[in-house]
Amino acid sequence: MLDGVSLDQLRAFLAAVDEGSFSAAGRRLSRTQSAISEAIGSLEAHLGVSLFDRSGRYPRLTSEGAVLVADARQVLSGVDGLKARAKGMAAGLEAELAIAVDVFFPIEALAGAATQFREQFPRTPLRLYVEALGASVEPVIDGRASFGIAGPLPMLPGGLVAERLTHVRLLMVAAANHPLATWKGVIPKEELARHVQLVLTDRSALTAGREFGVIAPTTWRLADLFAKHAFLLNGLGWGGMPRHTVQSDLDAGRLVELAIEDIPSGGLALPMSVVYRASDPPGPAGRWMIERLAMCPKQMGGKDAIA
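No experiment lies behind these values; they were computed from the predicted model shown.

Q: I'm lost on unusual backbone geometry in this one. Help?
A: Both trends apply: most residues other than glycine have a negative phi, and most peptide bonds are in trans. Even without glycine at this site, Ser30 takes up a positive phi of about 60°. Tracing the chain through its elements places Ser30 in the loop between α2 (22–29) and α3 (33–47). Ser30 sits in the exposed class, given a relative accessible area of 70%.

Take a look at the structure:
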């Protein structure tokens, strides 16, 4: 019997609930009162319950009807969502937006953009991969991500397009109790080589075996930026970190910026680029997100977070 329930019947039911009478529901839906009454009666027959008590001047919801109102609204909301998503897809809107992001990119900036994205594209789910080095590009290559936000790569694989987005400041730091923290002046590379360097290792075959900013012969390699942060705070070595991730530690004196040869004061400007497949560029939602992320430096304020 439930197979006979129609969307028309549910709309008539909810209109009567919202308007308070069958006649008002008819005016709202541009139908006659008898058509509304017939639709609701058919719905009651299919459901096997009475939705309205009609003994008074105006119909009143029965206890069963009151319970089923929420279900009816959920069904119609789902159908409206289905139609809206299909309409967007027909216009080229992505069914889902998947993004691969380099771990160095400030997650706060991405979260801020995602907040507005949810309002702008409420029917487009967001999927996020946070990776390091070449691993932020591999999901783009294999089609799992619409685009990636990647740091500098020695060579961009064929078929990919890169757009410069912004840059983050990369500082060389050590714990306040680390021997290098008390060095006066610029630290020569010979002295750096005497201490363990903490290095973010690559989980990607794209840049496997390549060295990025490795100076010391003795390295400890970590596959997680947060683990590297914890090791630095515990004085287990020195290494490079995005400024926005360690600014509070610098301010509190837990970490110290190291003055190193060939690295300017204030750190290196590490370029960040949007990367996508030339044959499958981002759709409307992806392009909106890219343009919104390009605005983040101005809106975050503070050139040290993202310059």
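Q: Please clarify how the environment of Thr245 should be interpreted in this entry.
A: Within the secondary structure layout, Thr245 lies in helix α9 (residues 243–252). Sequence spacing of Thr245 and Ile107 is 138 residues, and the spatial spacing of their C-alpha atoms is 9.8 Å. Excluding its chain neighbours within four sequence positions, the residues that come into contact with Thr245 are Leu225 and His229. At a separation of 2.7 Å, a polar atom in the side chain of Thr245 contacts the main-chain carbonyl oxygen of Pro242.

Q: Would you take a moment to explain the packing of α2 against α3 for this structure?
A: In a pair of packed helices, the angle between the axes and the distance between the axes together describe the arrangement. Running from N to C, α2 and α3 point in directions that differ by 105°, and their axes come no closer than 8 Å. With respect to α3, the axis of α2 lies roughly perpendicular. For the pair formed by α2 and α3, the contact residues are Phe22, Ser23, Ala25, Gly26 and Leu29 on the first element and Gln33, Ile36, Ser37 and Ile40 on the second. Residue classes in the contact of α2 with α3 are distributed as five nonpolar, four polar and no charged.

Q: Hey, could you run me through the nonpolar core in this one?
A: A general tendency of soluble globular proteins is for nonpolar side chains to be buried together. Judged by nonpolar contacts, the single largest core of 38 residues is most densely connected at Phe104, Phe105, Phe147, Ile149, Met289 and Leu293. Sorting elements by how many residues they give to this core places strand β6 (residues 160–175) first, with six residues. If sequence neighbours within four positions are ignored, Phe147 has contacts with Leu97, Ala98, Ile99, Ala100, Val140, Val274, Val275, Tyr276, Pro282, Gly286, Met289 and Ile290. Among the nonpolar cores identified, the runner-up in size contains 17 residues, and Ala16, Ala25, Ala39 and Phe52 belong to it.

Q: Before we go on, may I ask you to explain the pairing of strand β11 (residues 268–277) in this structure?
A: Regular strands place their side chains on alternate faces of the sheet. Within β11, seven of the ten residues are buried, which leaves it mostly tucked inside the rest of the structure. Judged from the three bridges that link them, strand β5 (residues 147–150) and β11 form a sheet pairing that is antiparallel. From the neighbouring strand, Gly148 faces β11, where its bridge partner is Val275. Bridge count between β6 and β11: ten bridges; the pairing is antiparallel. Its bridge partner being in β11, Thr166 is matched across the sheet by Met272.

Q: Teacher, can you tell me more about helix α8 (residues 225–233) here?
A: Residue pairs spaced three or four apart in an α-helix point in one direction, given the helix's 3.6 residues per turn. Within the sequence span of α8, burial applies to Leu225, Lys228, His229 and Leu232. Projected down its long axis, α8 shows its buried positions confined to an angular sector of 105°, all on one face. For α8, the secondary structure elements touched by its buried residues are β6, β7 (197–200), β8 (219–222), β9 (239–242), α9 and β10 (255–257). One side-chain oxygen of the residue at the start of α8 lies 2.8 Å from the amide nitrogen of Phe226, identifying that residue as Asp224.

Cut-offs and rules
Along each chain, residue indices are assigned from 1 in the same order as the chain's sequence is written. Confidence filtering applies because this is a predicted model: local features only for residues at pLDDT of at least 70, side-chain atom pairs given and counted only at 80 or more, and all residues used for totals across whole chains, interfaces and linings. Heavy atoms throughout the structure, all of them, feed into the side-chain values; hydrogens and water do not. Helix and strand definitions here come from DSSP, where helices need a minimum of 4 consecutive H or I residues and strands a minimum of 2 consecutive E residues; each element is numbered from the N-terminal end. Relative accessible area decides the class of each residue, using a 1.4 Å probe on protein chains only: under 20% of the type maximum gives buried, over 50% gives exposed, and in between gives partly exposed. Residue contacts are defined here by distance: any two heavy atoms, one from each residue, within 4.5 Å place the two residues in contact. Throughout this description, a polar contact denotes any pair of N or O atoms lying within 3.5 Å of each other; where both atoms belong to protein, one of them has to be capable of donating a hydrogen while the other can accept it, and for residues adjacent in sequence the pair is counted only when both atoms sit in side chains. In this analysis, axes come from line fits to C-alpha atoms, helices being fitted only over the stretch in contact, and the angle between any two N-to-C directions falls in the range 0 to 180 degrees. In this scheme, roughly parallel covers angles under 35 degrees and roughly antiparallel covers those over 145, while 65 to 115 is roughly perpendicular and the rest are oblique. Three classes are used: nonpolar for Ala, Val, Leu, Ile, Met, Phe, Trp, Tyr, Cys and Pro, charged for Asp, Glu, Lys and Arg, and polar for all others, with Gly counted as polar. Working definition of a nonpolar core: buried Ala, Val, Leu, Ile, Met, Phe, Trp, Tyr and Cys residues. They are joined through side-chain atoms within 4.5 Å. Pairing between strands is defined by DSSP: at least two bridges between them are needed. As used here, the arc is the angular range of directions from the helix axis to the C-beta atoms.

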